[in-house]
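Coordinate analysis (summary)
For reference, the chains in residue letters:
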Amino acid sequence: LVSKQIAEKEVNAWLDFKKVSEKKRKSLAGNVAALIDAIMDGTLVFNPDTKVFTHKLKFPLGVSGQITELNYTPRISMESLEDHLLDVRPGNTFGTSFAYIAALSGQPKAIIKKMDQEDHALADRFSFFFME
């Protein structure tokens, strides 16, 4: 387990690296808190060198459960987002969420769509930092 102080330091290091404004941090305070909690309980692991978050899934994915974690990159290109959002209709919030999580994790949307709600809830909170 990780202390709250260390978890906050890691989340802030990631937010600083992404150059997330104070205004956005405040508007997404619930998401920041969720990331901190997930680090504290070991569900999220931060790599300070690469700035990649590893999400240890509660419910593995794939044909035989071989996908036990997702690695979220700290940056995604607009090209990658466009590729993932091409078939998502405007207003489809789940489709948008799946597209962002797929772009961040490098996993196909078909895999992301099979996530359990418990795992998706954290991944979705993470993806909000890439929207807007």
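Everything that follows concerns the structure shown earlier in this document.
Notes on the structure follow. Positions within a chain are numbered from 1, following the residues in the order the chain's sequence is written. Predicted model: local features are reported for residues with pLDDT of at least 70 only, side-chain atom pairs are reported and counted for 80 or more only, and whole-chain, interface and lining totals are derived from all residues. Working from all heavy atoms in the structure, the side-chain values ignore hydrogens and water.

Quick look at the overall build of the protein chain now. In terms of regular secondary structure, the protein chain is built from seven helices and three strands. Strands here mean DSSP runs of E at least two residues long; helices mean DSSP runs of H or I at least four residues long; both are numbered from the N terminus. In the protein chain, the succession of helices and strands from N to C terminus is α-α-α-β-β-β-α-α-α-α. As defined in this context, the radius of gyration uses C-alpha atoms, and a globule is described by 2.2 Å times the residue total to the power 0.38. What you see for the protein chain is a C-alpha radius of gyration of 14 Å, in line with the 14 Å of a compact globule of 132 residues. In this scheme, a residue with accessible area under 20% of its type's maximum is buried, one over 50% is exposed, and one in between is partly exposed, where area comes from a 1.4 Å probe on protein chains only. Looking at the protein chain as a whole, 44% of its 132 residues qualify as buried. Once local pairs closer than 6 in sequence are excluded, the contacts in the protein chain between residues at least 24 apart make up 56%. As presented, the protein chain carries roughly 7,700 Å² of accessible surface, and 54% of it is formed by carbon and sulfur atoms. By the counting rule applied here, Lys and Arg register as positive and Asp and Glu as negative, while His and the ends of each chain are not counted. Where a charge lies is defined by one atom per residue type, namely NZ (Lys), CZ (Arg), CG (Asp) and CD (Glu). On the protein chain, the mean spot of the 17 positive side-chain charges and the mean spot of the 17 negative ones are 4 Å from each other. By the convention used here, residues are in contact when the closest approach between their heavy atoms is within 4.5 Å. Reported accessibility uses the Shrake-Rupley method at a 1.4 Å probe radius. Residues are deemed covered only where the shown protein chains occlude them.

Another aspect to go through is the pattern of salt bridges. The term salt bridge refers to a side-chain nitrogen of Lys or Arg lying within 4 Å of a carboxyl oxygen of Asp or Glu. One pass over the structure, following the stated rule, counts three salt bridges. For aspartate 16, the salt bridge is made with arginine 25, and the minimal N-O distance between the two is 2.6 Å. In this structure aspartate 16 comes out as partly exposed when scored by relative accessible area, which is 47%. Where lysine 109 meets aspartate 87, a salt bridge forms, and the shortest distance between an N and an O atom there is 2.5 Å. Remark: aspartate 87 occurs in the loop between α4 (78-85) and α5 (93-105) and lysine 109 occurs in helix α6 (residues 109-112); sequence separation between them is 22 residues.

For any pair of aromatic rings, geometry is given as the distance between the ring centres together with the angle between the planes. We call Phe, Tyr and Trp rings a pair once their centres come within 6.5 Å, taking the six-membered ring for Trp, and we label the pair stacked below 30 degrees between planes, edge-to-face above 60, and tilted otherwise. Tallied over the entire structure, the rule returns nine aromatic pairs. When the centroid spacing of 5.5 Å and the interplanar angle of 70° are considered together, the rings of tryptophan 14 and phenylalanine 53 count as edge-to-face. Remark: phenylalanine 53 occurs in strand β2 (residues 52-61) and tryptophan 14 occurs in helix α1 (residues 4-18); sequence separation between them is 39 residues. Criterion for a charge above a ring: Arg CZ or Lys NZ at most 6 Å from the ring centre, at most 35 degrees from the ring normal. Directly above the ring of phenylalanine 17 sits arginine 75, whose terminal nitrogen or CZ lies 4.6 Å from the centroid.

When β2 meets strand β3 (residues 67-72), the two strands line up antiparallel, connected through five bridges. Within β3, the position partnered with histidine 55 by the bridge is leucine 70. Hairpin geometry of β2 and β3 is characterised by an intervening segment of five residues between the two adjacent antiparallel strands and by a positive phi of about 100° at glycine 62. Two strands are counted as paired when DSSP detects at least two bridges linking them.

Strand pairing in a sheet is mediated by backbone hydrogen bonds. Such pairs are either parallel or antiparallel. Ordered by their spatial adjacency, three strands build an open sheet running β1-β2-β3, and the pairing between neighbours is antiparallel. Each having just a single partner strand, β1 (44-47) and β3 make up the two edges of the open sheet. On average, adjacent strands in this sheet sit at an angle of 25° to one another, irrespective of strand direction. Orientation is described by lines fitted to C-alpha atoms, with helices fitted over the stretch in contact, and by angles between N-to-C directions that extend from 0 to 180 degrees.

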